[in-house]
Amino acid sequence: MECAAQCLAAKKDFLVPCTYHFYQEPPLIVRGEGPYLFDSDGRRYLDCYSGVSVVNAGHSNPDILAAAIEQLRQLQHTTTIYLTVPMLELARRIAELTPPGLRRSFFCASGSEANEGALLLAALATGRTEHVYLQDSLHGRTKGAMSVTGLEMWRTDPNLLLTAHAIPGPRHPDSLAGLERLLRYRPIAAVIAEPIQGNGGIIVPPENYWPELRRLCTAHGTLLIADEVQTAWNRTGRWFATEHWNVVPDIITVAKALGNGFPIAAYITTDDIASHYTRPGAATFGGNLVSCQAALATLAFHERHQLGHRSQVLGDHLHRQLRQLQNRHAVIADVRGRGLMIGLELAGTASRPAAALTDMVLERMKDAGFLVGKTGAGRNVVTLMPPLIVTREALDSLVNALDLSLEVV
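Description of the structure in this document. (Residues numbered from 1 in each chain as written. Predicted model: local features only at pLDDT ≥ 70, side-chain atom pairs only at ≥ 80, totals over all residues. Heavy atoms only, no water.)

**Here's the deal with the overall build of the protein chain**
The helix and strand inventory of the protein chain stands at 13 helices and 15 strands. In terms of overall dimensions, the protein chain is globule-like: its C-alpha atoms have a radius of gyration of 21 Å, near the 22 Å expected for 409 residues. Seen along its three principal axes, the alpha-carbon backbone of the protein chain occupies a region of about 55 × 55 × 45 Å. Burial status across the protein chain gives 55% buried among its 409 residues. When contacts within the protein chain are restricted to residue pairs at least 6 apart in sequence, long-range pairs at least 24 apart make up 71% of them. Here the protein chain has roughly 17,800 Å² of accessible surface; of this, 53% comes from carbon and sulfur atoms. Within the protein chain, one finds 37 positive and 39 negative side-chain charges whose respective centroids are separated by 2 Å. (Helix = DSSP H or I, 4+ residues; strand = E, 2+ residues; numbered from the N terminus. Rg over C-alpha atoms; globule rule 2.2 N^0.38 Å. Buried < 20%, exposed > 50% of the residue type's maximum accessible area, 1.4 Å probe, protein only. Contact = heavy atoms within 4.5 Å. Areas by Shrake-Rupley, 256 points an atom, 1.4 Å probe, with all protein chains shown as cover. Lys, Arg positive; Asp, Glu negative; His and termini not counted. Charge placed at Lys NZ, Arg CZ, Asp CG, Glu CD.)

Written as structure tokens, this is what we have:
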């Protein structure tokens, strides 16, 4: 299998049809280095999606690879039922970085698992079985996590497991009022929400939204779960996005950028909440030694290179550039985000609906050497989440390419 056409044929033959990809003629990606990806023809692309906010520290980061390889040479795998040092070191390090009181970790392999575990823990800790989620949210592909996912396209199975209630998204004027009505009359175990809705279209809530979520949950004995799978680890300029509003959730879920491409996830909570989960629990790949060492090296790299500060400064610069772009292109309906997590919402034209326009922009950007994402309930938000090591010059070239891509629409 050497070319993209052969791989596309194999995909049709051997993968479940739900496995989709961007682009009409997708490049065959074979190598990554820093903020760049390379295809089988040797062409270089600026990766502006980071594997959906995964490689925040860049592709094939040598510091992270070195830590993982050293562990591979010693011992590749045990599981949580055995005592190992890397998992405990990582748990201690996470407890130093999380908001006050959040110090107990349960490790697993994916964000879906982490959210599933957080919902279970909330039920155990409160004795309640109902949950609340926000419209246009995405919390995972497992059955329980899908039950609290608000984006219709990701709710594949209509027969959901949990008793879960949707409220309008954070920008809707009735969102908090709707939550208060539910909390008053229903036994809600937890509210689960993304600090910034990623797949929902980079939806940044109003400044009072998360503080009010915290107040309402506390008043009604309901736990607050912050799904930081996309937003954690400096994507928005902070270790955790909830820090922007000085809110301490009861449970935080993390994955993606924690391992910078090595599969690892966790939920983190307080001593008191954790004390309700005492029956035996394990995860075969939770706390994997190699992934834990990679995660420790990832966090050290973030700290050493001040990636949180870089994300904030470069994100502010990119945001300003995109605002100027918006002034030149009427099809850019909105520019929003925090740090290097930015969305450009596109409006449709008389000849092309917004979703089709977004697809066209993705194709043009790919042909120009830039891989960007798309999100939103209408799939009309061009999404920019480059590695946090990206340079200002590379971001300026991204803006120039977007300018050209939007010239004739």
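**So, the nonpolar core**
Among the nonpolar cores identified, the biggest contains 91 residues, and Trp-233, Leu-322, Leu-384 and Leu-398 are the most heavily contacted of them. Residue contributions to this core peak at eight residues, all from helix H10 (residues 289-304). Dropping the residues within four chain positions of it, Leu-398 is found in contact with Leu-46, Cys-48, Leu-318, Met-365, Phe-370, Val-372 and Leu-384. By size, the runner-up hydrophobic cluster in this structure holds 14 residues, among which are Leu-119, Leu-121, Ile-251 and Ile-273. (Core = buried A, V, L, I, M, F, W, Y, C linked by side-chain atoms within 4.5 Å.)

**Observations regarding the sheet that holds strand S3 (residues 44-47)**
Taken in spatial order, the four strands line up as S1-S2-S3-S13 in an open sheet, and their pairing is mixed. The two strands at the open ends of the sheet, each matched to only one other strand, are strand S1 (29-33) and strand S13 (370-371). Two strands pair when backbone bridges link them, and strand S2 (residues 36-39) and S3 are joined in this way by three bridges, in the antiparallel orientation. Within the sheet, the bridge partner assigned to Phe-38 lies in S3 and is Arg-44. (Pairing = 2+ DSSP bridges.)

**Observations regarding the layout of surface pockets**
Taken as a whole, the largest pocket spans an internal volume of roughly 1,300 Å³. Within the residue set of the lining of the largest pocket, elements represented by two or more residues are helix H1 (4-14), helix H2 (50-53) and helix H5 (111-126). Partitioned by chemical class, the residues of the lining of the largest pocket number 21 nonpolar, 14 polar and eight charged. Around the second largest pocket, the lining comprises 26 residues; the ones closest to its centre are Met-87, Arg-104, Ser-105, Phe-106 and Phe-107. Elements with a minimum of two residues in the lining of the second largest pocket: helix H4 (85-97), strand S4 (104-108) and strand S10 (265-269). With five residues, the top contributor of residues to the lining of the second largest pocket is H4. Residue composition of the lining of the second largest pocket, grouped by class: 16 nonpolar, six polar and four charged. (1 Å grid on protein atoms, 1.4 Å probe; cavity = no way out; pocket = protein on both sides within 12 Å on 5 of 7 lines; lining within 4 Å. Points joined across faces, edges and corners; volume = space filled by probe spheres on them. Nonpolar A, V, L, I, M, F, W, Y, C, P; charged D, E, K, R; others polar.)

**Some words on the pairing of S10**
Of all five residues making up S10, five are buried, and the element is well covered by its neighbours. Residues Ala-265, Tyr-267 and Thr-269 of S10 are buried on one face, and the alternating residues Ala-266 and Ile-268, pointing to the opposite face, are buried as well. The pairing of S4 with S10 spans five bridges and is classified as antiparallel. From the neighbouring strand, Ser-105 faces S10, where its bridge partner is Ile-268. Where strand S9 (residues 251-254) and S10 come together, four bridges link them in antiparallel fashion. Each bridged residue has a counterpart across the sheet, and for Thr-253 the counterpart in S10 is Tyr-267.

**Notes on H4**
Taking 1.5 Å per residue, 13 residues should reach 18 Å; H4 reaches 19 Å between its end C-alpha atoms and fits that length. Among all positions in H4, only Pro-86, Met-87, Leu-90, Ala-91, Arg-93, Ile-94 and Leu-97 are buried. An end-on view of H4 places all buried positions within 165° of arc, on one side of the element. Across from the buried face of H4, at angles greater than 90 degrees, the exposed residues are Val-85, Arg-92 and Glu-96. At its buried positions, H4 is contacted by helix H3 (62-74), S4, S10 and H10. (Expected span 1.5 Å × (residues − 1). Arc of directions from axis to C-beta.)

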